[in-house]
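Now for the letters of each chain:
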Amino acid sequence: MYDWNRQRPSNMPYHRYRPAHERVEVPLTGRAWPGRRITEAPLWVPVDLRDGNQALAEPMDPERKRRMFELLVGMGFKEIEVGYPSSSQLDFDFIRHLATPGVVPEDVTVVVFTPARHELIERTFASIEGMSRVVVHLYTATAPTWRDVVLGQDRPALHAMIRDAAGHIARLAGDRDIRFQFSPEVFNLTEPDYVLEICNDLTALWDASPDRPVTHNLPATVEVATPNVYADQIEYMHRHLDRRDAVILSVHPHNDRGTGVACAELAVLAGAQRVEGCLFGNGERTGNVDLVTLALNLHAQGVDPMIDLSDIDEVRRVVEHCNRLPVPERHPYAGDLVYTAFSGTHQDAINKGMAHHAKRAADLGVPPEQAPWEVPYLPIDPADVGRGYQAVIRVNSQSGKGGIAYLLQTRYGLELPRRLQIDFSSAVQRATDGSGEEITAEQLWELFHATYLAPGEIGALADWSTVETDPGAHEFTGTLRNGRRLSGTGNGPLSALTAALAGDGIDVDILHYAEHALDPGRGSRAIAYVEARVNGATRWGAAQDTSVLTASVHAVLAAVHRVI
Ligand SMILES: CC(=O)SCCNC(=O)CCNC(=O)[C@H](O)C(C)(C)COP(=O)(O)OP(=O)(O)OC[C@H]1O[C@@H](n2cnc3c(N)ncnc32)[C@H](O)[C@@H]1OP(=O)(O)O
Ligand SMILES: CC(C)C(=O)C(=O)O
């Protein structure tokens, strides 16, 4: 039998870990989330100024915090976590800055984060003095390891501590325009019945109503399981939370296993209405879930992402400035290389796809940016996020004719005949195989010029002319640089030229001819491409001129020059 799996046991110490399903059992049957689809965006809540900021080696200074806040508002976020005011004077002062009238737009709600300690809760309330539209966000870890090792509290004691803190918050809020949020930190490793008991208790204590809902935010603080496990946990809570219409079910995935986006998406299928995350996935360890990817994943499915990412590079620039961290080149939707193909077959498909797209837009009578998008290998139109097409195709030794033709066409207006594309692609292969490096559009053009146009534009002829002696009868005369005269006749200028060359012992058979204008309008330059068999060898030549005839004659001579 074929030994299809030749892997051998590793000596990794994997036996030190237990699977997540052994650590937390979810009593869910008849799960509905696998059959659902996401049809609208959840409420996105960026936590860049809190969770993202606390993960930075150099936390944001006031200028950076302001820029980040303005960016988030400008992108259209309507609920923004702005800090942990009891953690530092810097955070406290920033919240005080936001209390300045007019700094927070009327339709934006800010969230402030606090642990379950009276003096820190009081400091939190001091920071929001005079502000309206605020959510006070209380958090405490609830999972067994945290209870036992970090907090030193059993289940009832921890529940009592949370209840006491929540009551203190409610008293300090009084009847002000303040809503409440609770996060059972490490929800994903907490017994479902225990989280439910605490959340339902707080829903009652805070007297949640549809007009003044509470937010229960269920974090995957450290991502430990496959996304389906998180989805089960969320669906279980969605089904069992009291006063469901008075509770906003929120999720807060991290990305330790690299599946934060999948966790968030499955959680939304399972009933989550609100997603906390950071732009480009900044955050503790491997980061919070990336809100940019989540939003553009919806966009790419035809669902309004409800935030503006039409200039993704500007968003990225601000985030990189604020976080002092780069966004990697392969980062979904935003990396420098994510709309770029180097490999030949991808380039060929993109080249054909772009041409098909332009034609479809013309057929529909709409601008290309409004036509339905179905270009192979590009999940979205780069133009949707403000990217141009220059970088879509880049050429190196793995590229083929399609990519090369695309660059010469988009940059220089050349419409190379298919066989010339194939011919030129081997010249490019030779050039790039030698260096192993990428070749730019400018270098391609120079190589094209050196291969097909120069120095054969005039070739061996010092001067030449053609006349139509009779309808359908042409005569070509010219002088070779060595002074010899040439002449020949034919049914067109080019056949007269080949007849003249034959008279000088050069046997030329034109196999393919094409020409087109290079620039629109009168007086524009034309380019001619000729494939010719010259004394038995097949070569391409090309030439450009404002006269189509001159371009054609020079193209033939360029092919001849390459053989002789
Ligand atoms: C998952 C998350 O992102 S949670 C948010 C994490 N963010 C941060 O920690 C950034 C800001 N934090 C801070 O600036 C500080 O930790 C402070 C100001 C809040 C507290 O500082 P300190 O009083 O010096 O405490 P320290 O940070 O050393 O330890 C935390 C203490 O709070 C307790 N604690 C931890 N979480 C909570 C909570 N949610 N509610 C109440 N107490 C808590 C711990 O058990 C520990 O108590 P102990 O000192 O009795 O053992
Ligand atoms: C406490 C919550 C919201 C959190 O930041 C986390 O669990 O990562």
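Cut-offs and rules
- Residues numbered from 1 in each chain as written.
- Chains lettered and ligands numbered in written order.
- Predicted model: local features only at pLDDT ≥ 70, side-chain atom pairs only at ≥ 80, totals over all residues.
- Heavy atoms only, no water.
- Pairing = 2+ DSSP bridges.
- Helix = DSSP H or I, 4+ residues; strand = E, 2+ residues; numbered from the N terminus.
- Axes fitted to C-alpha atoms, helices over the stretch in contact; angles between N-to-C directions.
- Phe/Tyr/Trp six-rings, centres within 6.5 Å; stacked < 30°, edge-to-face > 60°.
- Buried < 20%, exposed > 50% of the residue type's maximum accessible area, 1.4 Å probe, protein only.
- UniProt positions renumbered as here; feature names shortened; annotations may be inferred.
- Contact = heavy atoms within 4.5 Å.

Caption draft 1: Spatial organisation of the sheet that holds strand β14 (residues 537-545). Judged by pairing direction, the sheet is antiparallel, and its three strands sit side by side in the order β12-β13-β14 without closing on themselves. Each edge of the open sheet carries a strand with a single partner, namely β12 (508-517) and β14. Within the sheet, the average angular offset between the axes of one strand and its neighbour, ignoring direction, is 15°. Of the strand pairs in this sheet, strand β13 (residues 526-534) and β14 are connected by nine bridges, and their pairing is antiparallel.

Caption draft 2: Spatial organisation of the packing of aromatic side chains. Considering all chains together, one arrives at 12 aromatic pairs under this definition. Judged by centre distance (6.3 Å) and plane angle (80°), the rings of Y84 and Y139 are edge-to-face. Note that Y84 is positioned in the loop between β2 (79-83) and α4 (89-98) and Y139 in strand β4 (residues 134-141), a separation of 55 residues in sequence. Its relative accessible area of 16% is what places Y84 among the buried residues.

Caption draft 3: Spotlight on the UniProt feature "binding site: Mg(2+)" (unreviewed entry) in the protein. The positions that UniProt labels "binding site: Mg(2+)" (unreviewed entry) are, in the present scheme, D51, H252, H254 and N288. The largest pairwise C-alpha distance within this set of annotated residues, which runs over 238 residues, is 10.5 Å, so the set is compact in three dimensions. Mapping H252 onto the fold places it in strand β7 (residues 247-253). In this structure H252 comes out as buried when scored by relative accessible area, which is 5%. Those residues within four positions of H252 in sequence are excluded, and the remaining contacts are V47, R50, D51, N217, L218, P219, A220, Y230, E276 and N288.

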